[in-house]
Each structure stands twice: as structure tokens, then as C-alpha cells.
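The chain contents come next:
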Amino acid sequence: MIIRPARPSDRETVVSFSARIWDGYDYLPRVWDQWLAEAGGAFLVAELNGQPVGTDKITVLAPGEVWLEGLRVDPHHRGKGIARALSREAIQNVRQLRPSSVRFSTVVDNQTSRHMGEEAGFRFLFPCRRLIGEVRNGDLPEDVLGKLADVDEMLVFLHRSAVFQRMKGLFAWGWIFKRLDRPFLEQIVGEGNALLARSRGKINGLALFQGQRHGPKAALGFIDGAEETAVTLADQFRIVAQRRGFRELLSMVPESSASVLLAAGFRLEEPTSVVVYELSGERLQRTLQAGEI
Ligand SMILES: CC(C)(COP(=O)(O)OP(=O)(O)OC[C@H]1O[C@@H](n2cnc3c(N)ncnc32)[C@H](O)[C@@H]1OP(=O)(O)O)[C@@H](O)C(=O)NCCC(=O)NCCS
């Protein structure tokens, strides 16, 4: 078996085994072209007897912030150590990136993924519920969209938010979880993707969304506020997304925010429970030295 960079000619075989993963719901075929073209990181293929039998993707979300995704093995070739081999090669690539954090998400009952991550030193960060929603027509208050001038106050709100703490300061960007720092918040606000509510002039609710990185949906990546305020913001998100041309909505949020979204007409979507893992600090250094991830 060899591990090498993915090539355009691998597409057909990878797409055909990916169709046998998760009953055909694997998103890999949709992102194939973007992943091949993406700079930074790496897109790896495991080849056995001249045929692609596995993939792994290392994505750089921001300098020093690495995301692992796209680990797949042909169902006919499972249990032969192919995912292990891909992961060993991935670490060589990750090492060159000198990251301060490496993360991945998976469904709660994916024992193989969780076992491999935990063995490599990844720490469980938090669980999330997965919901989908529909856009709708409606009216919006004039001042619902946050402006760049509000960013400082939004950061104060975020740092006091119990939801933000539960999410360890990350934004749920579809299946990707990215650090919600000032530059990313400014990007979100600059694109008109921040909805805020105020009471007596002070922010008392905030909802942030982004178009999926490689997909057509709008992803609500953070929402918090006093109960009714948060439900109103979630509903207003449906209207803003409609105006922005999105047709489908998706969100990964902690249990406490899931009830808010359910009250605003969202519904749980299978797989409903997702877990997020992180490798950082001393554990990251140890894993990078040991050569396995
Ligand atoms: C997850 C997946 C990539 C594993 O591929 P694989 O080539 O069969 O995995 P390997 O043979 O390299 O085994 C990897 C490790 O998982 C362990 N493992 C396998 N099944 C397991 C289970 N049900 N519970 C716990 N550990 C398990 C193996 O023992 C091995 O660990 P070890 O080296 O410590 O013994 C493959 O099952 C797959 O493509 N699944 C669908 C897509 C997916 O879930 N991707 C990852 C999450 S996004």
C-alpha cells in the first residue's frame, strides 16, 4: 500500500466507494474538486494494488489552526490498517504546518474515529446537536444586522456567553468547527451574517452564520441570548438567509441552544449527535514527535 497526494484520476473510484458510505450521504464527491484545488494542507489517497482505497484531508482553517476531515476507507478494505496508515502520513504533513491546534468532528457513535483520536491524544471538547431548518419570508427590524462598529461589544457578549464557553470559543461551520476570534467575527459581520438584539441599548442576544465552506447551506454557528430573544433571532435568521438566497439551513449547537432552535421551527437531523475533539499544547507536541495521529 502507498499513501500519496490525491489526483484528478482517482475521482471515479473514490466516488464509487464513497457511495457505499453512510447510505450514499457522504459529501466527499461534492467537495472533491475544491479539495484537490485547495492550497495549504494536503489531500491524501491510500492506494492498494494500483487502486485508491482510502482518503484523508488536512485543512488549514487559519494560520496554526488545522482541521482533519475526509477520512474514508473503502468498505471492502476496512480493518486492514488503511486508516492508520493514512493518519501516520497525515502527521508528517501536519508537522510541517507547525499548528497550535488540530481538531476534528465525528458522529457520537463513530467508535473507530473516536478510538483513533483518543489514542493519538485528542481531547474531547464538547457534544453538539445537529439541526436543519427552512428559510421563510417575513419582516425584519431595521437594526437587526450587526455592524463592524458593534464588534467590540459582540466580543464582550461572546466572552460572557455560557454557550460560547461550552463550545470552547469555536464557531460551528457546518461539520467544521473554527476558532471564533476577532478576524473571523469581523468577516462574519462584514458579510452581513450577524444578527443582534439589544435591551436598553446593550446586546442581549447574538446569532452568527456563514455560508457552508463547501456547500449550499447557511450554517448557524453560534446563538445565545435570553430565551425569547434567542428564539426570535433564530427565526430572523430564517428570514435573513432567505433574502440572501440560501435555500437550506443547518446548525450544530450544544443541547441548550438546540431547544431554542426547535422553538423557532428547526428540527433534528440524522445523525443528530456530533462530538468535537482537539489536540493542542503538550499533547500535540508529543503526538507530532511520536509520528502518529
Ligand atoms: C473509520 C474508518 C476510516 C476506519 O478505517 P479502517 O481502515 O477500517 O481502520 P483501521 O483498520 O486502520 O483501524 C483503525 C483503528 O480503529 C480500531 N477500530 C476499528 N473498529 C473499531 C470499533 N468498532 N471500535 C473501536 N475501535 C475500532 C482498529 O482496531 C484500529 O485501532 P488499533 O490500530 O489501535 O487496533 C472507516 O471505517 C470508514 O471509512 N468509515 C466511514 C467514514 C468515517 O467514519 N470516517 C471517519 C469519521 S469522519
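Residues numbered from 1 in each chain as written. Predicted model: local features only at pLDDT ≥ 70, side-chain atom pairs only at ≥ 80, totals over all residues.

Novice: What should I look at first to understand the sheet that holds strand S12 (residues 248–253) in this one?
Specialist: Hydrogen bonding along the main chain pairs the strands of a sheet, whether they run parallel or antiparallel. Taken in spatial order, the 11 strands of this open sheet run S1-S2-S3-S4-S5-S13-S6-S12-S11-S10-S9, and their pairing is mixed. Taken across any chain shown, the strands that pair with only one partner, and hence form the sheet edges, are strand S1 (2–5) and strand S9 (194–199). Going from strand to strand, the sheet's axes swing by 25 degrees on average, the running direction of each strand aside. Bridge count for strand S11 (residues 218–225) against S12 is three bridges, and the pairing is parallel. Counted as the bridge partner of Ala219 is Leu250 from S12. (Pairing = 2+ DSSP bridges. Helix = DSSP H or I, 4+ residues; strand = E, 2+ residues; numbered from the N terminus. Axes fitted to C-alpha atoms, helices over the stretch in contact; angles between N-to-C directions.)

Novice: Is there a simple way to explain the domain arrangement of the protein chain in this structure?
Specialist: Interfaces are often described in size by the accessible area the parts lose on coming together. By domain assignment, the protein chain separates into domain 1 (2–126 + 276–290) and domain 2 (129–274). If you average the C-alpha positions of domain 1 and of domain 2, the two centres end up 28 Å apart. Looking at the side of domain 1 that touches domain 2, the elements with two or more residues in it are helix H2 (28–37), strand S3 (51–62), strand S4 (65–73), strand S5 (101–107) and strand S6 (123–134). Per-class residue counts for the side of domain 1 that touches domain 2 are nine nonpolar, two polar and three charged. (Domains from an automatic or database assignment. Nonpolar A, V, L, I, M, F, W, Y, C, P; charged D, E, K, R; others polar.)

Novice: Is there a simple way to think about the pairing of S3 in this case?
Specialist: Residues in a regular strand point their side chains to alternate faces of the sheet. Of the pairings in the sheet, the one linking strand S2 (residues 42–48) to S3 comprises seven bridges and is antiparallel in character. Counterpart to Phe43 in the pairing with S3 is Lys57. Here S2 folds back onto S3, and the loop between the two strands holds two residues, one of which, Asn49, carries a positive phi near 50 degrees. Relative to S4, S3 runs antiparallel, the two sharing seven bridges. The residue of S4 that forms the bridge with Lys57 is Glu69.

Novice: Got a minute to help me understand the packing of helix H5 (residues 151–160) against helix H7 (residues 182–190) in this structure?
Specialist: Running from N to C, H5 and H7 cross one another at 120 degrees; their axes reach a closest spacing of 11 Å. It follows from the interaxial angle that H5 and H7 lie oblique. Remark: the crossing between H5 and H7 carries right-handed chirality. Residues Val151, Met154 and Leu155 of H5 lie in contact with H7, whose contacting residues are Arg182, Leu185, Glu186 and Val189. Grouping the constituent residues of the contact of H5 with H7 by class yields five nonpolar, no polar and two charged. (Parallel < 35°, antiparallel > 145°, perpendicular 65-115°, else oblique. Left-handed = near helix turned anticlockwise from the far one by under 90°. Contact = placed C-beta atoms within 7 Å.)

Novice: I'm lost on the nonpolar core in this one. Help?
Specialist: The nonpolar side chains of soluble globular proteins are, as a tendency, buried together. Counting residues in hydrophobic clusters, the biggest one holds 72 residues, and the most contacted among them are Ala172, Ala207, Ile223, Ala234 and Phe237. A domain-level breakdown of this core finds at least three residues from each of domain 1 (2–126 + 276–290) and domain 2 (129–274). If sequence neighbours within four positions are ignored, Ala207 has contacts with Leu195, Leu220, Ile223, Leu233, Ala234 and Phe237. (Core = buried A, V, L, I, M, F, W, Y, C linked by C-beta atoms within 7 Å. Buried ≥ 20, exposed ≤ 12 C-beta atoms within 10 Å, placed from the backbone.)

Novice: Sorry if this is basic, but what is going on with the pairing of S9 here?
Specialist: For S9 and strand S10 (residues 202–211), the ladder comprises six bridges, and the chain directions are antiparallel. Within S10, the residue paired with Ala197 across the bridge is Gly205. With antiparallel pairing between neighbouring strands as the criterion, S9 and S10 make up a hairpin whose turn holds two residues, including Arg200 at a positive phi of roughly 50 degrees.

Novice: Could you clarify how one ought to interpret the environment of Thr13 in this entry?
Specialist: Residue placement: Thr13 occurs in helix H1 (residues 11–18). Once the C-alpha coordinates of Thr13 and Arg244 are considered, the two residues, 231 residues apart in sequence, prove to be 36 Å apart. Once you skip the residues sitting within four places of it in the chain, Thr13 turns out to touch Gln51 and Pro52.

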